[in-house]
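# Reading the structure
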Amino acid sequence: MAEMWINMGPQHPATHGLWDLRIKVDGDMILDADPQIGYIHRGIEKLGENRNYTQFIPLADRTGYASPMTWAILYVLTVEELMDIKVPPRATYIRTIAFELQRMASHLLFVYGMAENVGAMWPPLVYAYRERELLLDLFQILTGARFHFNYPRIGGVKWDIPQTFEAQTKKALDVIESKLKEYERMFDESEIFLMRTKGVAVLRKEDAIRMGVTGPTLRACGVKEDLRKSEPYMCYSDFDFGIPTGKNGDLYDRWVVRIAEIRESAKIVRQALDRIPGGAVATKVPAAVVKSVTVLDGETGYEDLCVIMAKVPKVIKPPPGEAYVRVEDSRGESAMYIISDGTERPYRIKIRSPIFCTLSALKYMMRGARVADVPPIMEGIDILLSEVDR
Amino acid sequence: MNLYGVVLWLLTAIINSIAIPIIAWLGNLLWFIRPVTDFAIALLKNDAFLNFVVVFAEAFIILIYIALFIIILLWFERKMWGRFQDRRGPMHVGYAGLLQIFADMMKIFGKEDIIPKKADKLLFTLCPIIVTATAFLALVALPMSDGFVIARLDGGLLFVFAAFSLAPLGVFIGGWGANNKYTLQGALRGAAQMISYEVPLLFSVLGVVMLAGSFNIMDIVHRQTIWYALLQPIGLFVFFTAATAEIERPPFDIPEAESELVAGWQTEYAGMKYGICWVAEWIRMYVGAALVVLLFFGGWNGPWLPQEIWFQIKLWIILIFMIWVRQSFPRPRIDQLLNLGWKRLLPLSIVNIVLTIGIVASGWLG
């Protein structure tokens, strides 16, 4: 068969409208791949420049819709860095718990996607959602929302953890850990799954580092790099956990690493729940009153102006400067860079998305693979287009 | 139950008590059509013509049977899927969701029948017809009991396989004619897969044929005093795997692999054409499961119960197993599937043939 370009997407079940992967095939072999992104570009960075610092938190949630909590926490960490705020330890612990629960939920989503894209493995697909549901329930009692939480605040979190949270979390973790064994039996003992994933889309260690691949995809190549260990933020230095790594850097290793990471996250959450200190969940943030209240009529006197000013919420005005904070997101190293010019709005927000960088490696993984490998390879990097396009 | 006898009795009753009196009365009433009515009465009393009509009536009964089978199978399969996936399956339309299929049929009937602008209209339309017709054709020689069969062919097994292996032609021209890259890929995959699984499929059956000494399915069933599944375990394994690939059931639904090829060769079909393609697939599933029962599990043989009921019991056990398989395995890649077919199943079936020749020649089975 002659060589031809096939557009996998935007109208395709594996890319479902989010992006377009153009592949050049010779029969069943892939010669080249060319990802076309930008289908869900929402201009989040630019939107941030037109909102004040607090108003950006829900948008940070929406940056990566499969792991909203990590993005929101990253944002508040950056603003705190900018303003040099010390967060109370209890708030940090709550954030860590939420962060790791979010990582688990996101990796369970990966299990779902892998099962779907490797073939019609419907039961494991639904099972992964079933377990993720437990985590969403936890988020619901913690934050009041199941998906876009809007929970972290600059200087702390929105509110304290509810009373039932600890017991319910431990119960959910028990269930998930026992179900993980089930997944491992279901996948690792399935000959066809091994055939489909072992030795497919191998990424060499050097290539991965060269192309800026981070997160589980990098660790699957055998690089022991995790910001939680190498550059501990929040309170990760308090906990005892391992960094799972792979050997060959193929699809199967990516799978194994992520399953192992769910376990490690569960470990961290357990430790955090046991050691969580008491105290406040938010600190007092230096805030300024909005000055630009215009008084419409000349009739309004000075006292009225004072009333208006008291009713206007205080806004956060970081001093001029810049801050760059990076965290280990579910998908790799995500970072935010904020420049403040001293007004109530950020001068610039720059988001570093891990998947955006990993996408550049996709081309190299695709070459030499077969058409049937395309969806598993896509899912192997745990693709999330909302943070690529932003 | 003897299908031929029942149909003949029914038809004769209808002809003698209703059709002939009416025609004769018409002839008496209108003198000028008298020659036509005389001819019609003579024709209806002619045995050869009657046999001809009986065949059509039989085919009609089989059609109804298959339609009922598909309705029940679809409901059952969905329920099974639901149970496998920790949910309930259809449950709102009708009792326990039994009428869901009718709702879905309504939906599919109501859809616009789209033929892509750049498609080859003839080939595009021909594909569902060929696929479905060949699937129905296989039913002609497929018995359900001693009596419940249309044609008692001596080469019945060969006929079924011949009809079975015509489908790749339909798949190929359909995928080619739709003028779409996905359908082209799907069609090529489908053709490659079906052609390479045809060989182990036939080879695995040869052991059964040698043991029974006949290509007649009725004879094969009658000679199974011991189930051939026990005598031919390798043959059964190869046959089941190859048949699953041949009828494009998951995990071997590679020509329709929805995660990479959208819907494979069916991508461009909409509305009832798509529905017909699926009907063909279920009929092929029925044929595959029925062949497993007939060739390896003693067909309709069994104590106490009527033959038809035994056949259905065994058939549904096989179907449950097929659904179970579907829910358990991911989909291999096309190259891996072809490797499996040529490098594993084919040698295995040849080994099976050699072993069977040895057993038959040594006369252990009498």
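Predicted model only: the values in this text are computed from it and were never measured.

Right, let's talk about the overall build of chain B for a bit. Across its full length, chain B holds 15 helices and zero strands. Principal axes of the C-alpha set define a box for chain B whose edges measure 75 × 65 × 40 Å. The 366 residues of chain B split such that 41% are buried. Taking all contacts inside chain B whose residues are at least 6 apart in sequence as the whole, residues at least 24 apart take part in 76%.

What follows covers the interface of chain B and chain A. By a widely used convention, the size of an interface equals the accessible area lost when the partners come together. Contact residues are listed per partner, giving 23 residues for chain B and 28 residues for chain A. Each residue belonging to the side of chain B that touches chain A can be placed in one class, and the counts come to 10 nonpolar, five polar and eight charged.

Turning next to the nonpolar core. Counting residues in hydrophobic clusters, the biggest one holds 190 residues, and the most contacted among them are Ala72(A), Tyr75(A), Val160(B), Val287(B), Ala289(B) and Val292(B). Considering every element that reaches this core, the biggest residue donor is helix 4 (residues 89-118) of chain A, with 16 residues. The residues contacting Val287(B), other than those within four sequence positions of it, are Ala135(B), Ala138(B), Leu139(B), Leu142(B), Val160(B) and Phe164(B).

Residues and elements named next belong to chain A. Reading across from one edge, 8-9-10 is the order of the three strands in this open sheet, with antiparallel pairing throughout. Edge positions in the sheet fall to strand 8 (321-329) and strand 10 (346-352), since each has one partner strand and no second. Recorded for the sheet is a direction-independent mean angle of 15 degrees between the axes of neighbouring strands. Lying on the sheet, helix 3 (residues 68-83) is in contact with strand 8 and strand 9 (332-340); it crosses strand 8 at an angle near 150 degrees.

Glancing now at the environment of Val54(B). Among the structural elements, Val54(B) can be located in helix 3 (residues 47-84). Taking the C-alpha atoms as reference points, Val54(B) and Val6(B), 48 residues apart in sequence, are found 9.9 Å from one another.

On to helix 11 (residues 233-246) of chain B, then. Residue and element names in this part refer to chain B. Its 14 residues place the ends of helix 11 19 Å apart at the C-alpha level, agreeing with the 20 Å of an ideal helix rising 1.5 Å per residue. Counting buried positions along helix 11 yields 11 of 14 residues, so the element is predominantly enclosed. Here helix 11 has its buried residues at Gly 235, Leu 236, Val 238, Phe 239, Phe 240, Thr 241, Ala 242, Ala 243, Thr 244, Ala 245 and Glu 246. Contact partners of the buried residues in helix 11: helix 6 (156-164), helix 8 (181-212), helix 10 (228-231), helix 13 (271-296), helix 14 (307-328) and helix 15 (334-362). Looking one or two places after helix 11, you find Glu 248, whose phi comes out positive at around 55 degrees.

In a beta sheet, neighbouring strands are held together by backbone hydrogen bonds and run either parallel or antiparallel to one another. Residues and elements named next belong to chain A. If you trace the three strands from one edge of the open sheet to the other, you get 1-2-3, paired in antiparallel fashion. This sheet does not close on itself; its edge strands, each paired only once, are strand 1 (3-8) and strand 3 (29-36). Taking the axes of each pair of neighbouring strands and ignoring which way they run, one obtains an average angle of 20 degrees across the sheet. In terms of strand pairing, strand 2 (residues 20-26) meets strand 3 through seven bridges, oriented antiparallel. Note that in strand 3 the partner of Ile 23 across the bridge is Ala 33.

Let us now look at the confidence of the model for chain B. For chain B, per-residue confidence averages 83 on the pLDDT scale, and residues scoring 70 or more make up 98% of the total. This complex was scored by the predictor with a pTM of 0.82 and an ipTM of 0.75.

As assigned here, chain B comprises domain 1 (3-45) and domain 2 (111-362). Here the C-alpha centroids of domain 1 of chain B and domain 2 of chain B sit 42 Å apart.

Analysis parameters
- Numbering of residues starts from 1 in every chain and runs along the sequence as written.
- To read the labels, note that chains go from A and ligands from 1, taken in the order they are written.
- At least 70 in pLDDT is required for a residue's local features to be given in this predicted model, at least 80 for side-chain atom pairs to be given and counted, and no such filter applies to totals for whole chains, interfaces and linings, which use all residues.
- Segments assigned H or I by DSSP are reported as helices when at least four residues long, segments assigned E as strands when at least two residues long, and all are numbered from the N terminus.
- Remark: C-beta atoms are placed from the backbone, and a residue is labelled buried if 20 or more other C-beta atoms sit within 10 Å of its own, exposed if 12 or fewer do, or partly exposed between those counts.
- Working definition of a contact: two residues with C-beta atoms, positioned from the backbone, lying within 7 Å.
- When residues are sorted by character, Ala, Val, Leu, Ile, Met, Phe, Trp, Tyr, Cys and Pro go into the nonpolar class, Asp, Glu, Lys and Arg into the charged class, and all the rest, Gly among them, into the polar class.
- The term nonpolar core means buried Ala, Val, Leu, Ile, Met, Phe, Trp, Tyr and Cys residues held together as one set by C-beta atoms within 7 Å.
- A pair of strands is labelled paired if DSSP reports no fewer than 2 bridges between them.
- Comment: axis = line fitted to C-alpha atoms, over the contacting stretch for helices; angle = value between 0 and 180 degrees taken between N-to-C directions.
- Expected helix span is given by 1.5 Å per residue-to-residue step, counting one fewer step than there are residues.
- Note on scores: pLDDT gives the predictor's confidence for each residue, bounded by 0 and 100.
- All the domain ranges listed were derived from an automatic or database domain assignment.

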